[in-house]
Each structure stands twice: as C-alpha cells, then as structure tokens.
Amino acid sequence: MAITIGVVRETLPGERRVALTPDVAKKLKAKAVNLLIEHGAGDAASFPDASYKDTEVAVDARSTLGRADVLLTVQPPTLEEIAALKEGAVTIGYLSPHLAPERIKALRDHKITSFAMELLPRTTRAQAMDVLSSQANIAGYKAVLIAAEASPKFFPMLTTAAGTVRPSKVLIIGAGVAGLQAIATARRLGGQVEGFDVRPETKEQIQSLGAKYVELGVSAAGAGGYARELTPEERAQQQAALAEHIKGVDVIVTTAAVPGRKAPRIITAAMVAGMKPGSVIVDIAAETGGNCEVTEPGKTVTTANGVTVIGPVNLAATTPIHASELYSKNLYNFLELSIKDGDLNLDWDDELIAKTCVTHAGQIKHEPTKQLVEGAQP
Ligand code: NAD
C-alpha cells in the first residue's frame, strides 16, 4: 500500500526552511508515494503551494499530521504535533534528542518511529544524507557575509586614486565543514585569510584554499575524524598563542565544535579586550555555548574597546531556498533506503537506519538518549 509522506509548516520563530521542496516532491512522487503538505508549508522558503505538483495540500497542520505515515521535519516535532500523529508513524528530521527529554518520552509513548538526522553515521555511504554537512556549509558562508557587513573595513585590497587600502585580516577558527566554507568565502571577498584547527590534517585543507595555516602548537585529533576536547594545559597553550595573534586581526569567524560537548571556549573576554577597536567576531558556535566568552546567542555585543561580537543562531535558515533544497535532498537520500513500490520497509540491519533511530515501537533505541531519559529504570 502506498504510504503518505506529510510536511507541515515549521513553527519555530525564524525557521524559514521546509523539509520538502518541489523538486524532491517530484522525485518522491516517482516512487509511487502520496504527498500531503499543510497549506503554506513552503511559503517561508519561497516555495508556494502551487509549485508542488501532484501534491495534496491540506488546510491545516492537524489534518496533515493525522494522515501522514511519514512526517518530514526541519525542527523537531512539537509535543502537540507528536500527539496529532498516528501511532506507528515515522518522523525524520533534526531531533536534538539530548535537549528535550519530554519530546523523546512523547515519541516513545505514542509509538512513533523517530529518526534524528544529526545521529546519522558520517560514513562515505551516508555523505549524501548528511544534514550536518549540508547546513554547516551554508552557516560558514553566511557567517562571513555577516562579518563583512558588520566590519568597518573592506575585505579586499583596493588601489584607488586616494591611496591603497590594505585587505582585512580574517581568521577562521575551526576548519571543519563550516570553517572551510568560511575560508573559501572570505578568500572570494578578497580578505587576507588564515585559519587553524586542532586536527593536524586540516593544515593541508586550509592551505589548499589559499589561506595561511596558523601554527598554535596544539594537536587534538579524536575518534572518527573529529577533534577531542583539549586538556586544561592544551587550552591554556592555545589561548596564550592566540591572544598575541589576534591583536593584529580584523575579523574572526569561529566554528569550533566537539561532538556531544559544549562548544570549546577558545577566545576569552580578556583576549577580546586586547583586540583592535573595530574588530569583528562572528561566533557560529553561539547556540552550543559559544567559542568566545563574550558571545550572547542571537545578539550583537559591542565591547568597551569597540569590538563587535555577533552570536548568530540558526544561520542555515537565513538562506532558506538553498538550505531547504540541500536538506530536502539529504532526507530524500535517506528515505530512498527504505521506499520500495510506494511502501516503507525499514531494514534494521542497515547501520544508517539503526543508528539514526531514536524511538521505535514504544522503546528508546538510542542508548545515550535512553540513559538520559530513563536513567537506571528498566
Ligand atoms: P564539527 O562541527 O564537529 O567541528 C568543527 C571543527 O572544529 C572541526 O574541524 C574540529 O576539529 C574543530 N575544533 C574542535 N575543537 C577545536 C579547538 N579547540 N580549536 C580549534 N578547532 C577546534 O566538525 P565537522 O565540520 O562536522 O566535521 C569534522 C570532520 O568530519 C571533518 O574531518 C570532516 O571531513 C569529517 N566529515 C566526514 C563526513 C563523512 O564522511 N560523511 C561528513 C562530514 C564531515
């Protein structure tokens, strides 16, 4: 029997992405499934109802949720949305399982099969489904544009009749997916760009983008290609070397993260106090605690010495057309593992399915989430 895949309007303030774009709707339709979207679901991402061909449009969220076998979301479903779903329905999207135990309990008790796309193993086979990468790429790009907009200086070198303007010195901290895109974007704007990371393999990646690698003498490669948390001694060494360095920098974009931990605190308030007036810091780790001590999530802070510290949140949502297109394709590639002849068939022997699942058939399947939500209970 053909399943119905549903999408409702995102309700989190500022969330402009949609989990299903018209292009992906077309691809799913070719898989013989039924599609149902809430009226206006794609509006904020500039995809009006009429752009979804062969897709049924429901008047409100409730009638979509009550009929969906699979619900595609960007932000995690709310408690009201979970309650309106059919028992046994499947949800796929971001879930932040560690942040809202009540939501996980509701999914468990309502026997929803929920998938958290941020838990997807980062293997080669999973690359086309990797929402963390597709959205981090956008965040890195946008962070540099925000920095350029806030800076009282040009990024590029300019030679004019009135004299020569020196290029801005731009430092990118953390050279993962977001950081490398930030480096590439700052280079395109003509900045004099440098970067560093604690994973040694990033040196070559930073240099291959035409930026300078800043040697701070700290190396902390962890498991699975990620960084590990620095020891207190390593952190002190990194901060001492960086404090001197950033006195000559105009713009800093910080992107450092360690999976499952608060963002590493790399720039202290004292270091910011040592920077030149007019310098700008954009901290894209703002939502997870910030790489800079001065950062306030969602706010712009100007320090006593005239440094602007910006803590943007949900940056990917500010580029909603491309962010939705990439995100929706990621979900499609994940769904494709399980859809055959219009039906959904979950292969629990596939690690991409098994490791991404949080709740199924009344149980919490993801062990760390189970510990967090149920503790020592059976
Ligand atoms: P992330 O968002 O977890 O971290 C961002 C960056 O911060 C990382 O490069 C990390 O090394 C760096 N960092 C952490 N602590 C730091 C500190 N104290 N100082 C400076 N930098 C610090 O990482 P990410 O961007 O999601 O990905 C990181 C790695 O995973 C990369 O090697 C990437 O190639 C790999 N990856 C693989 C796949 C895949 O194969 N499917 C997909 C995505 C990413």
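Residues numbered from 1 in each chain as written. Predicted model: local features only at pLDDT ≥ 70, side-chain atom pairs only at ≥ 80, totals over all residues. Heavy atoms only, no water.

The next subject is the overall build of the protein. Helix and strand counts for the protein come out as twelve helices and 19 strands. Taken against the 2.2 N^0.38 rule, which gives 21 Å for 378 residues, the C-alpha radius of gyration of the protein at 22 Å falls within 12% of a compact globule. If you line up the protein on its principal axes, its C-alpha atoms span 70 × 55 × 35 Å. Within the protein, the fraction of its 378 residues that count as buried is 51%. Considering only residue pairs separated by 6 or more positions, the protein has 63% of its internal contacts joining residues 24 or more positions apart. Approximately 17100 Å² of the protein is accessible, and the part contributed by carbon and sulfur atoms is 54%. Taking the average place of the 39 positive charges on the side chains of the protein and the average place of its 42 negative ones, the gap between the two points comes to 4 Å. (Helix = DSSP H or I, 4+ residues; strand = E, 2+ residues; numbered from the N terminus. Rg over C-alpha atoms; globule rule 2.2 N^0.38 Å. Buried < 20%, exposed > 50% of the residue type's maximum accessible area, 1.4 Å probe, protein only. Contact = heavy atoms within 4.5 Å. Areas by Shrake-Rupley, 256 points an atom, 1.4 Å probe, with all protein chains shown as cover. Lys, Arg positive; Asp, Glu negative; His and termini not counted. Charge placed at Lys NZ, Arg CZ, Asp CG, Glu CD.)

Moving on to the sheet that holds strand β6 (residues 113-116). Read across the open sheet, the eight strands follow the order β3-β2-β1-β4-β5-β6-β18-β19; overall the sheet is mixed. Looking at the sheet topology across the chains shown, the edges are occupied by β3 (56-58) and β19 (363-364). Relative to strand β5 (residues 90-93), helix α10 (residues 320-335) is tilted by about 135°, and along the sheet it contacts β1 (4-7), β4 (70-72), β5 and β6. (Pairing = 2+ DSSP bridges. Axes fitted to C-alpha atoms, helices over the stretch in contact; angles between N-to-C directions.)

Turning next to the site of the ligand. Around the ligand, the structure places 24 residues, and the nearest of them are R122, S133, V177, D197 and R199. Within the side chain of D197, an N or O atom sits 2.6 Å from an oxygen atom of the ligand. For the ligand, an oxygen atom lies 2.7 Å from a polar atom in the side chain of R199. Surface burial for the ligand is 83%, taken as the share of its 840 Å² of free accessible area covered by protein chains. (Near = heavy atom within 4 Å. Polar contact = N/O pair within 3.5 Å; in protein donor to acceptor, adjacent residues only side chain to side chain.)

Now for the pairing of β6. Of the two faces of β6, the one holding T113 and F115 and the one holding S114 and A116 are both buried throughout. Bridge count for β5 against β6 is four bridges, and the pairing is parallel. Bridged to V90 within β6 is T113. In terms of handedness, the path from β5 via helix α4 (residues 101-109) over to β6 forms a crossover that is right-handed. Inspection of the sheet shows β6 paired to strand β18 (residues 357-360) by two bridges, in the antiparallel sense. (Right-handed = clockwise from strand over helix to strand, strands pointing away.)

The subject of this paragraph is unusual backbone geometry. Non-glycine residue A32 carries a positive phi angle of around 70°. Relative accessible area serves as the criterion here: at 44%, A32 is assigned to the partly exposed category. Even without being a glycine, A361 presents a positive backbone phi close to 50°.

With that settled, the discussion passes to the nonpolar core. For soluble globular proteins, nonpolar side chains are generally found buried alongside one another. By size, the foremost hydrophobic cluster in this structure holds 45 residues, and its most contacted members are L171, F196, L242, I252, V253, I267 and I281. Sorting the residues of this core by element identifies α5 (131-150), β9 (169-173), α6 (177-188), β10 (192-196), β12 (251-254), α9 (269-273), β13 (280-283) and β15 (308-310) as the ones contributing at least two each. Top element by residues in this core is α5. It accounts for five residues. The residues touching I267, leaving out its near neighbours within four places in the chain, are I173, L242, I246, I252, T254, V272, I281, N291, C292 and E293. (Core = buried A, V, L, I, M, F, W, Y, C linked by side-chain atoms within 4.5 Å.)

Judged by how many residues are buried, β10 sits mostly within the fold: four of five residues are covered. Two strands pair when backbone bridges link them, and β9 and β10 are joined in this way by five bridges, in the parallel orientation. For V170, the partnering residue across the bridge sits in β10 and is V193. Handedness of the β-α-β unit built from β9, α6 and β10 comes out right-handed. Strand direction decides the pairing type here: β10 and strand β11 (residues 212-213), joined by two bridges, are parallel. Across the sheet, E194 pairs through a bridge with K212, a residue of β11. Read as a crossover between parallel neighbours, the route from β10 over helix α7 (residues 202-208) to β11 is right-handed.

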